[in-house]
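Commentary on secondary and tertiary structure
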Amino acid sequence: MINPWSSSDFFDYERLKKEFGIEEMNYNFDNFLFRRHLILGQRSIDYIDYALKNSLKFNVMTGLMPSGEMHLGNKSAIDQVIFFQKLGGRVSIAVADLESYSTRGISLEKARNVAIEKYILNYIAMGLEPCEIYFQSKNSDVQFLAYMLGNRTNMNELRSLYGFTDTHDLLHINSPLIQAADVLHTQMKKYGGPAPTIVPVGFDQDPHIRLMRDLSKRMRIFNIQYDRDLIVSVRGKDDPKEFIDLAYDYLSKTYTNVKKDYEYRVVRCEGVSEGDLVKIDLDLANIESKYNDFTFVPPSATYQKLMKGLKGGKMSSSVPDSLISLNDDPKEAKRKIMSGMTGGRDTEEEQRRLGGEPEKCPIFDLYNYEIEDDKYVKEVYEDCKNGRRMCGFCKREIAEKMSSWLSELSKKREEAREKLSLYIHE
Ligand code: SF4
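Residues numbered from 1 in each chain as written. Predicted model: local features only at pLDDT ≥ 70, side-chain atom pairs only at ≥ 80, totals over all residues. Heavy atoms only, no water.

**A look at the domain arrangement of the protein chain**
- The domain architecture assigned to the protein chain consists of domain 1 (13-218 + 296-304), domain 2 (222-288) and domain 3 (320-422).
- Computed over C-alpha atoms only, the centres of domain 1 and domain 2 are separated by 29 Å.
- Facing the ten residues of domain 1 at the interface are eight residues of domain 2.
- Ranking the residues of domain 1 by area buried against domain 2 places Tyr47, Tyr50 and Pro194 at the top, with a combined share of 54%.
- Across the contact surface, domain 1 and domain 2 share zero salt bridges.
- Remark: the boundary between domain 1 and domain 2 carries one residue pair in polar contact (both at pLDDT 80 or more).
- Those elements giving two or more residues to the side of domain 1 that touches domain 2 turn out to be helix 3 (45-53) and helix 10 (206-218). (Domains from an automatic or database assignment. Contact = heavy atoms within 4.5 Å. Buried area = accessible area lost by both parts, 1.4 Å probe. Salt bridge = Lys/Arg side-chain N within 4 Å of Asp/Glu carboxyl O. Polar contact = N/O pair within 3.5 Å; in protein donor to acceptor, adjacent residues only side chain to side chain. Helix = DSSP H or I, 4+ residues; strand = E, 2+ residues; numbered from the N terminus.)

**Re the packing of aromatic side chains**
- Under the counting rule described, the total for this entry stands at 14 aromatic pairs.
- Each ring, one from Phe203 and one from Tyr303, has its centre 5.3 Å from the other, and the planes form 45°; the classification is tilted. Here Phe203 is found in the loop between strand 6 (197-202) and helix 10, whereas its partner Tyr303 is found in strand 11 (residues 300-304), with 100 residues between them in sequence. For the pair Phe203 and Tyr303, one class covers both residues: buried.
- In textbook terms, an aromatic cluster arises when at least three aromatic residues are bridged by ring pairs, as seen for Phe29, Phe34, Phe83 and Phe84.
- The lysine or arginine in question, Lys260, covers the ring of Tyr248, its NZ or CZ lying 4.4 Å from the ring centre. (Phe/Tyr/Trp six-rings, centres within 6.5 Å; stacked < 30°, edge-to-face > 60°. Buried < 20%, exposed > 50% of the residue type's maximum accessible area, 1.4 Å probe, protein only. Lys NZ or Arg CZ within 6 Å of the ring centre and 35° of its normal.)

**Things to note about helix 1 (residues 13-20)**
- Here helix 1 has its buried residues at Tyr13, Leu16 and Lys17. Mapping the buried residues of helix 1 onto a view down its axis gives an arc of 100°, with all of them on the same face.
- The secondary structure elements touched by the buried residues of helix 1 are strand 1 (23-24) and strand 2 (39-43).
- Immediately downstream of helix 1, the backbone of Gly21 shows phi near 70°, a positive value. (Arc of directions from axis to C-beta.)

**Details of the nonpolar core**
- Phe84, Ile120, Leu128 and Ile337 are the most contacted members of the largest nonpolar core, which totals 65 residues.
- Considering each element in turn, this core owes the most residues, ten residues, to helix 6 (residues 108-126).
- Residue-level mapping places this core at the junction of two domains, with at least three residues from each of domain 1 (13-218 + 296-304) and domain 3 (320-422).
- Apart from the residues within four sequence positions on either side, Phe84 is in contact with Phe29, Phe34, Ile48, Phe58, Val60, Gly89 and Ile198.
- Ranked by size, the runner-up nonpolar core spans 36 residues in total, among them Tyr162, Ala181, Phe203 and Phe296. (Core = buried A, V, L, I, M, F, W, Y, C linked by side-chain atoms within 4.5 Å.)

**Some points on empty space enclosed by the protein**
- Counted by the stated rule, this structure contains one cavity of 30 Å³ or more.
- If you add up the space inside the largest cavity, you get close to 100 Å³.
- Taken together, 14 residues form the lining of the largest cavity, with Gln351, Cys361, Cys384, Cys391 and Cys394 sitting closest to its centre.
- Put simply, the parts of the chain that give the lining of the largest cavity at least two residues each are helix 15 (362-370), helix 16 (374-385) and helix 17 (391-417).
- Residue composition of the lining of the largest cavity, grouped by class: nine nonpolar, four polar and one charged. (1 Å grid on protein atoms, 1.4 Å probe; cavity = no way out; pocket = protein on both sides within 12 Å on 5 of 7 lines; lining within 4 Å. Points joined across faces, edges and corners; volume = space filled by probe spheres on them. Nonpolar A, V, L, I, M, F, W, Y, C, P; charged D, E, K, R; others polar.)

**Quick notes on helix 5 (residues 97-104)**
- Every buried residue of helix 5 is accounted for by Asp97, Glu99, Ser100 and Ser102.
- Looking at the buried positions of helix 5, the neighbouring elements they touch are strand 4 (90-95), helix 6, strand 5 (132-135), helix 9 (170-184) and helix 10.

Right, dumping it as structure tokens:
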């Protein structure tokens, strides 16, 4: 069971990928997080690839939990958001104030303050361009959609995904529906209609991704199945004829062997290659959206590897010395780095003879996640492995780099305050 609210340590990523059908990250986006395999898995990334190759609109969605600190461990989701925004994605960011109220008892007022001061100002300072940032508590479209999605799931499903028991309160049980609505509402007519939507997440968020993808399909009239032949079925209509004809007419334009069956509410099509499925799904979604405001294509997701905390384990708000917060004073950040754990050996002599273990080293993670220069990071890795690099030097070097980055960020944060109204929609 993965619990999105309390997963506390590293996962066996390969086992999770196998168990839950998360696919390999086999698309080479031109970004160091992807090049260095810090993004380890994906679902339906082919929708984003298709949108990019065909210059189609696509959405980028993420949320922030307004509690604790924004730290380097949760920064890479925003690095990805900014990267996909530069590629043309339309960005939406949900402040999960309803979720932080229901799962952590944080008042809406406090959540607003934390969201702006600790997160949103940093996002803008990091280079996020104007986009839609909203508070769940103030977005009636999200609330309405969450209500409607509630009709497409039940307690059994939520129990098996999240481990809910009879003692969980209803607000908590409802929060996955709000999350699903956060992501899916960006495809409602008012927001531009169905479109590929990328959601960068950690592996612990996978239950949310599975639920929202399933819900997106259950809200559709057209459902696509593929098993050598393509089968489009029509769901939820008393009289499916009109929709069967629409699917039939669309497929007949490209394929010759198309058959419709009113009794079984399906259109069958032979000769469709698997590579055409994304296009067919998007085209059928566009046709359907004229009749159904809840026409969604399943959201895509990227799964990132957790960054190591400076005290071992994962970087987490519950261990303040394990993390570098984006709001840390540069001197404080230096102190934490200098007292952090390393993958070094017990003595200098051993380090020179055996080399260090950068794979286990939280200090190396700072290079790996924060320094864009591939050549330099590779050099650090190899010098460490070959015993040419000592931990003291390494710590001083990265501490210097991180503290000057933090002081630059703090200046930009002050400039960002002036621009908040270009981002926050309420
Ligand atoms: S030399 Fe640097 S990368 Fe290698 S173990 Fe020491 S601190 Fe980590």
